[in-house]
Structure formats: structure tokens, C-alpha cells
Amino acid sequence: MEYWLFNETNAWNFPGRPKIIDFFSLSVILEKNLDIIQISPHLTIFALMSSYSIHHIAALVGGQIEPPDAPDYHIEQLLYDSRQIIFPETGLFFALSGPQQDGHNFIAQAYKAGVRSFIIDKAIAVESLPEASFIRVADTLAALQQLANYHRHQFDLPVIGITGSNGKTIIKEWLFQLLREDYQIVKSPRSFNSQLGVSLSVWQIGPQHELGIFEAGISTSGEMQRLAPIIDCRIGLFTNIGEAHREGFPDTTTKITEKLTLFKNAEILIYCRDDHRLDASIKASKIPTFSWSVEGAADLQITGIQPMGKATKLVATYQQQALEILIPFNEPTAIENTIHCWAVLLYLGVAPAVIAHRILQLDTLAMRLELKEGINNCILINDSYNADLTSLTMALQFLQQQKKDLRRTLILSDILQSGLTDRELYGQIAQLISTIGIHRLIGIGQYIPTIDAQLSPEIEHYFFSDTASLLSELSQFDFQNEIILLKGARPFGFEAIAERLSRQVHRTRLEVNLNALAHNLRIMRNYLLPTTKLMVMVKAAAYGSGSLEIARALEFHQVDYLGVAYTDEGVDLRRTGIHLPILVLNPEPAAYDALLRYQLEPEVYSLQQLRELARFCQGQGSDLTIHLKLDTGMHRLGFESQHVDELCEILKHNPQLKVRSIFSHLAASEADTHDPFTHQQVSRFQQDYQRITATLAYRPLRHTLNSAGIVRFPQYQMDLVRLGIGIYGVGSATDQLKPVMQLKATVSQIKELAPGETVGYGRHGILKQGGKIATISVGYADGLSRRAGNGRYSLLVRGQLAPIVGNVCMDMCMVEVTHIAKVQEGDEVIVFGEMPRVETLAEALETIPYEVFTNISPRVKRVYVQD
């Protein structure tokens with residue numbers, strides 16, 4: 001609880017420093033969640049609810065306090081992930097349950113981290129956590145949404161609600177840029193638009209906010225009915241309708257109708273009329289609208305779209321007035337998103353000249369946090385597309401997941417237009433970075449030096465007035481073997497800092513999307529029983545994506561095991577702080593000592609190998625956990641049935657060998673024509689497993705299924721499954737997976753060729769009609785095989801496929817772009833990703849995606865992105 005003392009011209013909150021307000025500010029504050037205590041006609045105390053108590057929340061969500069005399073803690077943060085806890089004392093942990101994980105299983109972990117307040121919907125032994133307060137409800141997610149709904153309606157601020165298949169997040173961020181000079185804005189962090197994310201988004205609303213911008217996404221029918229009252233938008237924006245989540249709805253019309261539920265109480269709905277399905281459904285809904293169109297009549301009618309280099313001139317008619325703006329984009333999607341923003345600003349009454357000026361300042365946002373190699377063995381986390389308290393917290397949580405033993409540096413700009421006083425804002429930031437364990441702070445801006453007096457004395461700190469000042473003195477900082485987080489508001493241009501601190505390597509890059517990885521993990525876990533354990537293979541540098549970063553992500557997402565090919569791969573993971581159990585598929589005798597030293601668990605597949613390990617462990621006087629591989633038909637590695645009796649005899653006389661699991665490898669689990677053979681393999685495995693366990697005094701884990709097997713043979717899950725290339729979005733029998741890896745290059749040069757001119761070595765590429773070619777910064781030394789040349793494969797340039805002309809060179813290749821308008825040097829080129837898929841490249845090369853991934857050269861920079 002904060003207390004505010006007002007007279008006509010002054011305001012004091014105590015304890016705290018005086019604050020001067022004007023009547024307009026006072027009138028806004030008076031509307032916000034205040035209990036009023038009148039002392040005299042000219043002096044009033046207002047009690048501002050900045051936190052909730054456990055007993056208050058229990059009453060709001062209809063919950064029961066357990067135990068009845070539990071402490072009445074005050075709550076400021078909502079928690080749902082025991083791995084991401086920063087301020088436990090004022091956090092309320094919701095034990096949310098999903099198909100594979102139950103939040104109740106992590107209550108003890110959260111309690112150990114300092115959390116004392118919990119909402120549960122299952123019985124737990126509350127006496128084992130003596131300082132905790134529990135609220136027992138029927139459904140924890142429903143309780144979270146109920147609390148968020150209540151909090152939202154303590155503030156009578158206008159809200160822009162955004163839904164649609166694509167563009168929600170970029171439009172939200174652009175609207176924030178365009179309107180932040182007019183309003184104190186609260187918005188969804190990143191892509192927080194789910195059943196959980198919307199509740200966490202609206203929890204940010206405070207009395208200082210004047211406008212909310214929240215996005216909502218759904219995947220099945222009925223979900224928007226839960227989100228709509230939480231957002232309760234006054235202005236609606238429907239971006240578009242596409243194929244995303246089509247499996248959750250019987251047809252497109254049903255999906256549109258479900259999404260329109262968000263706007264049932266809206267004063268206005270802004271949309272593009274040019275999708276006739278969307279237009280018809282919105283008209284039928286009777287919701288008041290503000291429409292725009294390129295094709296016909298609308299409130300904002302676009303009459304001209306004129307390319308101007310990398311920019312585009314838009315001409316329109318609005319309220320019988322001719323308007324035009326210049327936007328700094330020329331991609332169709334960016335143009336559509338910009339027009340949506342234009343329509344919103346016009347509806348809000350922003351002057352056309354002001355709109356034109358602001359829109360010209362927009363830029364394409366990275367929209368994603370990036371992790372990449374920095375100079376001098378540093379790890380660089382670039383999250384500089386915006387800066388506010390919420391996104392700073394999330395970036396620091398991501399930093400926490402990285403190597404624990406590295407020094408941590410934060411480069412932070414002023415946080416603009418937070419609605420808090422400098423002392424309040426930077427006081428919160430000081431507490432946050434101290435809790436996370438930042439060793440050095442480099443601040444940039446006019447206001448951030450306010451933090452100086454509030455920083456812990458052990459934190460080094462330096463301040464610069466602007467980015468240019470830091471860059472001029474960057475060499476004074478000895479960045480070595482540390483993690484550097486860049487967090488800057490857009491006006492500060494932190495891209496220049498990122499460029500200086502990045503390791504300068506080849507421009508071709510492999511983007512590894514950690515969100516897609518987590519999505520695929522959730523999809524595959526949905527096929528498993530709650531009791532089935534999960535091993536993920538990270539051999540061959542995690543199929544080319546980088547084993548360390550992938551392993552960290554998998555450990556964060558709590559898989560049970562990792563699998564590597566060779567001992568040195570496991571050693572590298574252990575040395576960088578990975579603690580998960582690790583199976584080594586191909587242990588070599590020279591590395592047996594490392595197995596013990598680094599607690600790695602070898603696959604054992606032959607009698608000779610088993611005897612060697614037995615003698616080695618006997619000589620060391622140590623036990624060793626092993627995994628037995630049975631050959632049931634793959635005929636690569638493994639014990640055959642005739643070896644089982646001798647295998648059992650060796651195990652009987654060598655108790656130092658502890659069998660953790662027994663497994664086999666299915667030869668053709670992806671092909672239904674070989675299903676009888678797959679069933680035969682499993683039958684052989686089960687018979688041999690029973691023979692071995694009859695000798696042992698325990699039953700090791702059983703596993704046979706790989707990625708395709710997980711989907712196609714759920715009856716054979718047994719105790720554990722092995723997820724391989726499926727987690728990278730490839731090769732499994734489900735279309736719900738997302739590509740994790742995207743290989744990108746750039747256009748280096750463009751040439752016009754006359755008819756009959758040739759291209760490349762050997763003059764194999766010929767443009768009979770002449771035309772235009774682009775030289776692309778990727779070649780066979782990067783992993784694009786020469787077999788892709790001479791028209792066998794096409795790269796994606798400006799959204800269109802461009803066939804490779806002539807032979808692929810060592811460092812580059814050439815593509816024909818005669819048919820693609822507006823191609824420019826520096827344009828991004830997709831080798832594979834969402835489109836074209838890696839499977840398409842593999843087919844052109846007459847190979848498999850595994851080979852494509854693992855052939856990507858180490859010189860190609862790996863960049864890890866997370867929304």
C-alpha cells in the first residue's frame with residue numbers, strides 16, 4: 001500500500017520524496033483504484049493499492065486459505081515458472097498444469113527459491129512448507145485469469161486489442177512507437193498473447209498508464225471467450241486471417257467468428273476489407289468498424305502504392321481528404337502492417353502531418369532477442385529493440401540461463417516514458433540487477449545516472465550521455481570471457497554497439513529459433529504419457545545447430561536425458577555447466593577415464609566392450625552407469641539374441657557396472673510399409689529384455705522409439721523415448737512442428753546479362769534470353785553443396801524463389817532474379833527455413849536433412865533467437 005497526500009498543487013507519497021503534479025495528472029490519478037480519506041477540503045490522503053494481499057486474492061478468486069492461519073503476504077508479482085524467479089518475497093506462484101508438466105511438482109523448488117505464496121488446485125502437504133500460504137482453487141489457470149480480469153477493471157483506461165493470424169506483435173510494437181509521445185502506454189511483452197500471456201500482460205497496468213495495447217492469440221474454439229473480458233478493448237484491430245492453427249477450428253469462418261469475440265464490447269473495429277471472408281464475417285457481427293482497402297471503398301481508401309527504392313509512398317483518401325505518407329519499407333507485409341497503424345492513428349485523431357512524420361521514423365524491428373558470439377570469447381545477448389521494465393526483466397532472466405560462472409555486464413539505456421519518477425524507476429532497476437547478479441553496469445542517457453545512489457557498492461558502473469560517447473571510449477573496457485546484455489530503447493541506436501561487440505565473421509548465418517525448439521518439444525511431449533521420460537539427441541553439434549546452446553535450452557525445459565555421439569562431446573557439455581544425465585553412443589577405450597571423471601554414461605553394444613569396461617572399472621575401484629544396446633534388426637551396433645546369455649554372465653560377475661537402460665534402434669519406424677518389421681523388432685527387444693532382467697536384481701529403463709516412432713507407435717513408449725531430428729522440426733510424422741534452423745545469406749551484387757551470356761565456372765549457367773542475376777554470399781564451403789547448382793535448387797529472395805544459375809562456388813553462388821522486382825544489394829536471402837524447407841534442399845541433393853544440417857560449416861555464424 002502506498003499513501004499519497006494531496007493539496008491543490010502538491011503531492012507527497014510517504015515514505016518518499018515530494019512530487020509536483022498538475023490538476024490534469026491529479027484527475028487521472030483520482031480515477032485509478034484509490035481509497036480516499038478526506039482530511040479537509042484542501043487536504044486528502046489517497047491509499048493506492050500497488051499490491052494485493054493473500055486474503056484479498058483468495059476472496060477475489062473464490063479460494064480457500066491453507067492452512068487457515070497462514071501469513072497474509074502482500075503480492076506484487078505473478079509467478080508460474082520456478083526457474084525464473086527474481087523477487088520471491090512478493091511473488092504469487094500459480095501451480096499451472098499442462099499435458100506433460102504439473103506446476104505442483106515445482107512448488108518445493110519455488111519455496112526453496114524464497115517464494116512463500118502459492119495458488120494450487122490439488123492437495124499438497126502444506127505442513128512440509130511451514131512459512132507458506134496457499135490458496136486452494138478449483139482451477140489455477142482460471143484463478144489467474146479471474147485475478148487478471150479484476151486487476152484490469154480497476155483501471156478505466158482505453159485499450160487497443162489486437163488479434164489475427166499474423167502481424168500482431170509487430171503492429172503492437174509499432175503502435176507503441178507511434179503513440180508513446182501522446183500516452184503513457186502499457187503493452188504486451190514480446191508475444192505474450194496466450195491464455196497465460198494475456199493475464200501476465202494486463203497485470204502490468206498501473207495508475208500511471210493512459211493507454212493499453214494488448215494482443216490475443218488463440219489455437220482452438222472457446223479460448224477467446226476467456227481472453228476477451230480480460231483485455232476488454234475499446235478499440236479493436238483484426239490484422240488478417242491465415243492458415244495458422246487451422247487444425248483447431250472446423251473452418252475459416254468459425255476461426256474468424258471466434259477471434260471476433262475479442263471485440264464484442266469494442267467501440268470500433270479496424271480491419272482491411274480486402275479479404276472477403278473477413279469482411280463478410282465482420283459485417284455480420286454488427287460491430288462498428290473503421291475499414292481500409294486497396295481494392296475498393298473504405299473509410300481509409302488506399303489509392304496508390306508507389307515503390308521508391310527501399311521506401312514506399314502511400315496515397316489515400318480519408319474523410320474526403322487526400323493524404324499521403326512515405327514509409328521506410330517496400331515489403332508487402334510491412335506495407336499492410338503500416339496501413340493498419342495509419343488507420344489506428346487516424347481514428348485516434350492524430351493529425352495527418354504528425355502521422356506522416358512519425359511513420360517515416362519506423363524501422364523494421366528485430367523483435368527477437370539474439371544470442372551470438374562476441375569479441376574475446378564473450379557471449380553477446382542483443383535485446384535492443386525496446387526497453388521497459390518488463391522486457392528488461394525477461395532479458396535478465398534469459399541471461400540467468402546462460403553460463404553461471406561468467407562475469408555479467410549490462411549495457412542499458414534510459415528507459416523512456418515509464419510513467420514512474422526517475423527515483424522509483426531506477427530504484428526498481430537497481431534492485432533487479434542486484435538480484436540477478438550483474439557485475440558491471442554501463443548506462444547510457446540523461447536519466448540513468450539516477451541509479452548511482454541506489455546501486456549495490458559491489459556493482460561497477462559507468463555512465464555516458466549517448467551511444468556515440470560510449471563507442472568513442474569502448475576500448476577502455478576490457479571485455480573478456482563474459483556475458484554482455486545489450487538493452488536499449490530504439491532512439492539510442494544500440495545496433496552500433498552490437499556491431500562493435502560481435503565477433504566479426506562471415507555474413508552468412510544459421511539462425512536457431514529457441515522458441516520453435518520449445519514449441520516442438522511441447523508438441524512431441526503431447527504424444528507421451530506423463531510417466532514417460534524423454535532423451536533428446538544433441539550429437540553432431542546438435543545436428544549442426546550448436547550443442548551447448550541447445551543443451552542449455554533443453555536443460556531449462558527439463559528434459560530427462562541428453563544423447564551425444566562421442567565422449568568429447570559430453571565432456572564439452574559438462575565443462576560448460578550442463579548437469580543432465582548424458583548418454584554417449586560411441587565411447588572409445590581411450591576415453592573411458594573421462595566417462596568416470598565427467599559422469600558420462602556409455603552405450604555398450606558388444607561383449608568385448610563390456611569386458612573392457614568391467615576391467616577398467618575394477619581397476620579404478622569405481623562403479624559406472626551403462627546402457628545396453630540390443631540389435632533387433634538394424635544390424636549396425638548392438639548385442640544379438642545369441643549373445644544375451646554371455647552378456648548376463650558378465651553382468652552377474654561385475655556389479656560395478658550399473659545398467660541404467662536397455663534399448664534398441666528401430667530401422668524404419670517412419671515407413672508404414674515396414675510396420676510388420678517394426679512390430680517384430682519390438683517383440684525381439686521385449687524378449688531379450690526379459691532374459692536380461694531375470695539376471696539383474698532391478699529393471700532398467702526400456703526404450704526403442706525415435707522421433708517418428710514417438711508419433712506412430714505410442715503403444716511402444718515404454719519408460720523412455722529418444723527425440724532426435726524431430727525436435728528440429730524435420731522428419732517426423734506430424735505437421736505441427738516448426739523449423740528450428742534457418743540458413744540466411746545476403747545479396748552481394750546484381751548484374752544485368754545480355755542474351756546468351758554465361759555464369760560461373762565452366763560456363764554451365766546460360767541465360768538464353770538474358771536477364772538479371774544476383775550473387776549470393778553462400779557457397780559449398782558454407783555447406784551448400786555443388787549438387788544444388790544448375791537449376792536444381794532455388795533460394796528465397798524477397799519472398800520469391802530464385803533458381804541457382806551455374807555451379808555453386810566455394811564462397812558464393814548466383815541466382816536468377818529477372819522475375820523479382822526491387823532486388824537490391826544487401827537483401828536477405830533464405831537458403832532454407834520456413835520456405836524453402838530443408839527437406840526440399842535435401843531432395844534436390846538426393847540426400848536427407850540430417851546431412852544438410854551437419855554439413856553446415858563452422859565458419860557460418862550461429863545466432864540464437866528467442867521471442
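Trainee: Help me get a handle on empty space enclosed by the protein, residues and values and all.
Mentor: Per the stated rule, a full pass over the model turns up one cavity of 30 Å³ or more. If you add up the space inside the largest cavity, you get close to 40 Å³. Lining the largest cavity, in full, are Tyr-728, Gly-729, Val-730, Pro-739, Val-740, Met-741, Phe-832, Gly-833, Arg-837, Val-838, Glu-839 and Phe-853.

Trainee: Please set out unusual backbone geometry residue by residue, giving values where relevant.
Mentor: A cis amide bond links Glu-66 with the next residue in sequence, Pro-67, at an omega value of -15°. Cis geometry marks the peptide bond from Met-835 to Pro-836, where omega comes out at -10°. Position of Pro-836 relative to the elements: it lies in the loop between strand E44 (828–832) and helix H25 (838–845). For Lys-286, which is not glycine, the phi torsion reads 70° and is therefore positive. You can see Lys-286 is positioned in the loop between helix H9 (276–285) and strand E18 (289–293). Since its relative accessible area comes to 71%, Lys-286 is described here as exposed.

Trainee: Hey, could you go over the packing of helix H8 (residues 252–260) against H9 for me, with residue numbers and the actual values?
Mentor: For the pair H8 and H9, interaxial distance at closest approach is 10 Å and the crossing angle is 50°. In terms of orientation, H8 lies oblique with respect to H9. Seen along the crossing, H8 lies across H9 with a hand that is right-handed. Note on element contacts: H9 touches H8 through Arg-277, Leu-278, Ser-281, Ile-282 and Ser-285, opposite Thr-252, Thr-253, Ile-256 and Leu-260.

Trainee: Pulling in residues and values, what's your account of the packing of helix H2 (residues 54–61) against helix H4 (residues 140–152)?
Mentor: Closest axis-to-axis distance for the H2/H4 pair is 9 Å, and the angle between their directions is 105°. Taken together, the axes of H2 and H4 lie roughly perpendicular to each other. Of the residues in H4, those touching H2 at His-56, Ile-57, Leu-60 and Val-61 are Ala-143, Gln-146, Leu-147 and Tyr-150. Among the residues making up the contact of H2 with H4, the classes are represented as six nonpolar, two polar and no charged.

Trainee: Account for the sheet that holds strand E32 (residues 601–604), naming residues and giving values.
Mentor: The strand order E35-E34-E33-E32-E31-E30-E29-E36 describes an open sheet built from eight strands, whose pairing is parallel. A single partner strand is all that each edge strand has here, and the edge strands are strand E35 (701–703) and strand E36 (720–723). With direction set aside, neighbouring strand axes in the sheet form an average angle of 30°. In the sheet, strand E34 (residues 657–664) pairs with E35 via three bridges, with the strands oriented parallel.

Trainee: Any details on the sheet that holds strand E11 (residues 117–120)? Residues and values, ideally.
Mentor: The strand order across the open sheet built from five strands is E7-E12-E11-E10-E9, with neighbouring strands paired in mixed fashion. The open sheet has two free edges, formed respectively by strand E7 (64–66) and strand E9 (77–79), since each of these has just one partner strand. The mean inter-strand angle of the sheet, taken between neighbouring strand axes irrespective of direction, is 25°. Sheet topology places E7 next to strand E12 (residues 133–136); three bridges connect them, and they run antiparallel. Residue pairing for E12: Gln-64 is matched across the bridge by Arg-136. Docked against the sheet, H2 engages E7, strand E10 (91–94), E11 and E12, running at close to 5° with respect to E12. Lying on the sheet, H4 is in contact with E9, E10 and E11; it crosses E10 at an angle near 140°.

Trainee: Please provide a residue-by-residue account of the pairing of E44, values included.
Mentor: Among the five residues in E44, four count as buried, and that is most of the element. Inspection of the sheet shows strand E41 (residues 794–797) paired to E44 by two bridges, in the antiparallel sense. Across the sheet, residue Leu-796 finds its bridge partner in E44, namely Ile-830.

Trainee: Describe the environment of Asn-386, naming the residues involved and giving the relevant values.
Mentor: Structurally, Asn-386 can be placed in the loop between strand E23 (379–382) and helix H12 (389–400). Given the relative accessible area of 7%, Asn-386 is considered buried. Residues in contact with Asn-386, not counting those within four places in the same chain, are Glu-173, Lys-187, Ser-391, Lys-487, Gly-488, Ala-489 and Arg-490.

Trainee: Can you tell me about the confidence of the model for the protein chain, naming the residues and giving the values?
Mentor: A residue-level look at the protein chain finds 93% of positions with pLDDT of 70 or above and a mean pLDDT of 89. Contacts of residues 1–50 to residues separated by more than four positions or lying in other chains number 96 contacts, the stretch itself having pLDDT below 50.

Trainee: Explain the pairing of strand E27 (residues 482–487) to me, and be specific about the residues and the numbers.
Mentor: For E27, the tally of buried residues reaches six of six residues, placing the bulk of the element in the interior. Burial along E27 is two-sided: Glu-482, Ile-484 and Leu-486 facing one way and Ile-483, Leu-485 and Lys-487 facing the other are all buried. The pairing of E23 with E27 spans four bridges and is parallel. In the strand pairing of E27, Ile-379 is matched with Ile-483. Relative to E27, strand E24 (residues 407–413) runs parallel, the two being bridged by six bridges. Of the residues in E27, the one forming a bridge with Thr-409 is Ile-484.

Reading the values: the criteria
Residue numbers run consecutively from 1 along every chain, following the written order of its sequence. Local features in a predicted model are, by the rule used here, given only for residues with pLDDT of at least 70; side-chain atom pairs are given and counted only at 80 or more, and totals for whole chains, interfaces and linings are based on all residues. Heavy atoms throughout the structure, all of them, feed into the side-chain values; hydrogens and water do not. Space inside and on the surface of the protein is sampled on a 1 Å grid over the protein atoms alone, with a cavity defined as a set of points where a 1.4 Å probe fits but cannot get out and a pocket as an open set with protein on both sides within 12 Å along at least 5 of 7 lines; lining residues have an atom within 4 Å of a point. Grid points are joined across faces, edges and corners, and a volume is the space filled by probe spheres set on the points. We count a stretch as a helix when DSSP gives it H or I for four or more residues in a row; a strand needs E for two or more, and each element gets its number in order from the N terminus. Whether a residue is buried, partly exposed or exposed follows from its accessible area with a 1.4 Å probe, protein chains only, as a fraction of its type maximum: under 20%, in between, or over 50%, in that order. The angle between two axes is taken between their N-to-C directions and runs from 0 to 180 degrees, where each axis is a line fitted to C-alpha atoms and a helix contributes only its stretch in contact. Here roughly perpendicular refers to angles of 65 to 115 degrees, roughly parallel to angles under 35, roughly antiparallel to angles over 145, and oblique to all remaining angles. Less than a right angle of anticlockwise turn of the near helix away from the far helix marks a crossing as left-handed, whereas a clockwise turn marks it as right-handed. Contacts are residue-level and defined by heavy atoms, with any inter-residue pair within 4.5 Å sufficient. Under this grouping Gly is polar, as are all residues other than the nonpolar Ala, Val, Leu, Ile, Met, Phe, Trp, Tyr, Cys and Pro and the charged Asp, Glu, Lys and Arg. We treat two strands as partners when DSSP finds at least two bridges between them. The quantity known as pLDDT measures the predictor's confidence residue by residue, on a range of 0 to 100.

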